[in-house]
Amino acid sequence: MKFNTKTIHGGQKHEEATGAVMPPIFLTSTYAQSSPGVHKGYEYSRGANPTRTALENAFAAIENGTHGFAFSSGLSAIDCVLRLLNPGDEVIAGDDLYGGTYRMFTRLFQQYGLKFLFVNMDEIENVTNAITSNTKLIWIETPTNPLMKIADIAAITKAVKATNNNILVAVDNTFATPYLQRPLDLGVDIVMHSATKYLGGHSDLVMGALMVKDENLAKDLHFIQFAAGAIAAPMDAFLALRGIKTLHLRMQRHCENGRVVAEYLVNHPKVGEVYYPGLKNHPNHDIAKKQMDDFGGMVSFRLKDESKEATFKFLESTKIFTLAESLGGVESLVNHPVTMTHASIPESKRLKIGITNSLIRLSVGVEDIDDLLADLEQALDR
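What counts, and at which threshold
- Residues numbered from 1 in each chain as written.
- Predicted model: local features only at pLDDT ≥ 70, side-chain atom pairs only at ≥ 80, totals over all residues.
- Heavy atoms only, no water.
- 1 Å grid on protein atoms, 1.4 Å probe; cavity = no way out; pocket = protein on both sides within 12 Å on 5 of 7 lines; lining within 4 Å.
- Points joined across faces, edges and corners; volume = space filled by probe spheres on them.
- Helix = DSSP H or I, 4+ residues; strand = E, 2+ residues; numbered from the N terminus.
- Nonpolar A, V, L, I, M, F, W, Y, C, P; charged D, E, K, R; others polar.
- Axes fitted to C-alpha atoms, helices over the stretch in contact; angles between N-to-C directions.
- Parallel < 35°, antiparallel > 145°, perpendicular 65-115°, else oblique.
- Left-handed = near helix turned anticlockwise from the far one by under 90°.
- Contact = heavy atoms within 4.5 Å.

S.K.: Is there a simple way to think about the layout of surface pockets in this case?
M.R.: Picture a little ball the size of a water molecule; that probe, rolled over the atoms, points out where space is still empty. When its volume is computed, the largest pocket comes out at roughly 520 Å³. What lines the largest pocket is a set of 21 residues, among which Lys 13, Glu 15, Phe 26, Tyr 42 and Pro 50 lie closest to the centre. The computed volume of the second largest pocket comes to approximately 360 Å³. Around the second largest pocket sit 23 residues that line it, and Gly 74, Tyr 98, Ser 194, Thr 196 and Lys 197 are the ones nearest its centre. Here the lining of the second largest pocket takes 3 residues from helix α3 (residues 74-82), the largest share from any one element. In terms of residue class, the lining of the second largest pocket is built from 9 nonpolar, 9 polar and 5 charged.

S.K.: Can you walk me through the packing of helix α10 (residues 247-266) against helix α14 (residues 369-380) in this structure?
M.R.: When two helices pack together, you describe them by how their axes are tilted relative to each other and by the distance separating the axes. Running from N to C, α10 and α14 cross one another at 30 degrees; their axes reach a closest spacing of 10 Å. Relative to α14, the element α10 is oriented roughly parallel. Between α10 and α14 lies a crossing whose hand is right-handed. Residues Asn 257, Val 260, Val 261, Tyr 264 and Leu 265 of α10 form the contact with α14, whose own contacting residues are Ile 369, Leu 372, Leu 373, Leu 376, Glu 377 and Leu 380. Class assignment for the residues of the contact of α10 with α14 results in 9 nonpolar, 1 polar and 1 charged.

If you want it as structure tokens, here you go:
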């Protein structure tokens, strides 16, 4: 199937009992057995639920994987990956990544003996030079949150595997979605999504996803999920599956609007730096062109007046862009990373990589582009 068809039909089948086109919401915790251990594939909903199974099959299909897993949040999906490791193991991650990921790495798992090293993944050598005999996982986020840096997935994966084929490579594909890039096809072992964002697409659920191709890795992840219990609920699974069916339509408009907004900001006299991989002056533009089918709907920028007063005035003045956490919904959102999504990162770390008080992040929605530009214009002119 082509991707647009796969979002609707990939991994799916009509419900067997009634022929329902959409899978029912199976609000049950347990399942009848005809004899001890004899059942119809389901025993207890922590292990598997038919609605969640339908979603997980769709997850696998859109990322060209063989197994998908639906979690109660994006962070619980990351938690599951880290539970593959043991005390003393080392993780190499990008230096610009979601604040919640950084918080989990440094404030939860570091105390249990895992070691984390954060490097600039613009240069592949920064990754390979950091590898030791204890390195077990490479964590790539691309595009990054919030500075929109692009890591060369295929090149990093090839270099890491050449050093040690047993090192796992995982990619947080939340910003791009499989509509734009498919990391499993580029050689990585695990793809992670905060399905709260673009996969769900309507700001009405919280969910995480993992997709893999390797059978043994899938078994390990399923055991951890089953044993730890961080599963997606049936109603949320239904909503996410419904969201995936329009992913290709929404992403097309997100990309169209994101490109226009980025170009508008570049040319506005009150705007300084603009971070968008579709701009030719983006330092990783060529890599983005190579591994992405388009450039998405996430745009970050700074005002030339970098004072807190000017930044907050803009954030408080938008009318269509809603000041809120999260991203990837049909509605446009504006975010202040320092006080919102990245507040858990120490100030010295934020400043070192460029997450300053003047940085603003936009999640460009699917509204009419003229209305979005008019909203930005009036907020910038105040």
